[in-house]
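Spelled out from the first residue to the last, the chains are:
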Amino acid sequence: MRIVLLAACLAAPLMALSLSAHAVGPEGRWKTIDDETGNAKSIVEITQAADGTLSGKVVEILQSDRGPNPTCDKCSGERKDKPITGMTILWGLKPDGDAWSGGTILDPAKGKTYKSKAKLIDDNRLGVSGCVAFICREQVWQRE
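Note that the structure is predicted; figures quoted are calculated from it, not measured.

> I'd like to hear about the overall build of the protein, residue by residue, with values.
Helix and strand content of the protein: one helix and eight strands. For the protein, the proportion of its 144 residues judged to be buried stands at 28%. Once local pairs closer than 6 in sequence are excluded, the contacts in the protein between residues at least 24 apart make up 35%. Per element, the accessible surface of the protein, about 9,100 Å² overall, is 57% carbon and sulfur.

Right, here's the structure in full:
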C-alpha cells in the first residue's frame, strides 16, 4: 500500500507538468486588443487543423462603434454584410519554427485582408501581425 501511495505522490506532479506543457499554445480564446486605442474589441477562438494550420473565428464582440451585432459592411465577396460574430478572420497560418506565418487576417472594420503571422510572447499573450509589403502592424492579444 505504501508503494502505491508513494508512486501516486510522485506521479501527480509529473502529470501536472505534462498537462501544463500541452496547454501552452496558440489554440484557445483570445481577447483582441486594438493597437491604436488599447481597448478590448472581441474574443477570437483559435483552432488548429489536422494539417497544423491555425484559424481564428470571432466568437464575441466586446466593443464596437456599430452596435452589439456589427456586420462586415466594408467587406467584399462572401463576407459582405455578414455578421462579424461567427466570422473567420484569421486563416492559413502555418508553423514556422516557434511562430506561425503565411496566413491571412481580415480587419472587419476596414474590410481588408493582410498577410499575417503570429508568435506567442508568453503563455498569455499572442503577437498577431497584419502586413502589406514590408509594413506591418502588430496587436498583442490576451488569453481569456
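Read on, since the account is not over.
> Before we move on, could you go through the nonpolar core and cite the residues and values that matter?
One finds I46, L126 and W141 to be the most contacted residues of the largest nonpolar core, which totals 21 residues. Secondary-structure elements contributing two or more residues to this core are β2 (40-48), β3 (54-61), β4 (88-96), β5 (99-107), β6 (112-122) and β7 (125-132).

> Explain the environment of V59 to me, and be specific about the residues and the numbers.
Its place among the elements puts V59 in strand β3. Sequence separation of V59 and W30 is 29 residues, and the distance between their C-alpha atoms is 9.8 Å.

> Please provide a residue-by-residue account of the side chain of T32, values included.
Of note, T32 is situated in strand β1 (residues 28-33). Its relative accessible area of 7% is what places T32 among the buried residues.

> Before we move on, can you summarise unusual backbone geometry with the specific residues and values?
Its identity as a non-glycine residue notwithstanding, D81 has a phi of 60 degrees, on the positive side. Using a relative accessible area of 44% as the deciding quantity, one classes D81 as partly exposed. Here A133, not a glycine, exhibits a phi torsion of approximately 55 degrees, which is positive. Considering the arrangement of structural elements, one finds A133 in the loop between β7 and β8 (135-143).

> Run through the pairing of β2, naming residues and quoting values.
Both β1 and β2 contribute to a ladder of six bridges, which runs antiparallel. Bridging from a neighbouring strand, W30 pairs with V44 of β2. Sheet analysis places β2 next to β3, joined by seven bridges and oriented antiparallel. Bridge pairing in β3 links T47 to S55. Counted between consecutive antiparallel strands, the loop separating β2 from β3 contains five residues, among which G52 sits at a positive phi close to 90 degrees.

> Outline the pattern of salt bridges, supporting the account with residue identities and numerical values.
Throughout the structure, instances matching the rule amount to seven salt bridges. In this structure, the salt-bridge partner of R29 is E144, at a minimum N-O distance of 2.6 Å. Here E144 lies in the segment after β8 and R29 lies in strand β1, a separation of 115 residues in the sequence. The partner of D73 in a salt bridge is R66, with the nearest N and O atoms 2.9 Å apart.

The rules behind these values
Residues numbered from 1 in each chain as written. Predicted model: local features only at pLDDT ≥ 70, side-chain atom pairs only at ≥ 80, totals over all residues. Heavy atoms only, no water. Helix = DSSP H or I, 4+ residues; strand = E, 2+ residues; numbered from the N terminus. Buried < 20%, exposed > 50% of the residue type's maximum accessible area, 1.4 Å probe, protein only. Contact = heavy atoms within 4.5 Å. Areas by Shrake-Rupley, 256 points an atom, 1.4 Å probe, with all protein chains shown as cover. Core = buried A, V, L, I, M, F, W, Y, C linked by side-chain atoms within 4.5 Å. Pairing = 2+ DSSP bridges. Salt bridge = Lys/Arg side-chain N within 4 Å of Asp/Glu carboxyl O.

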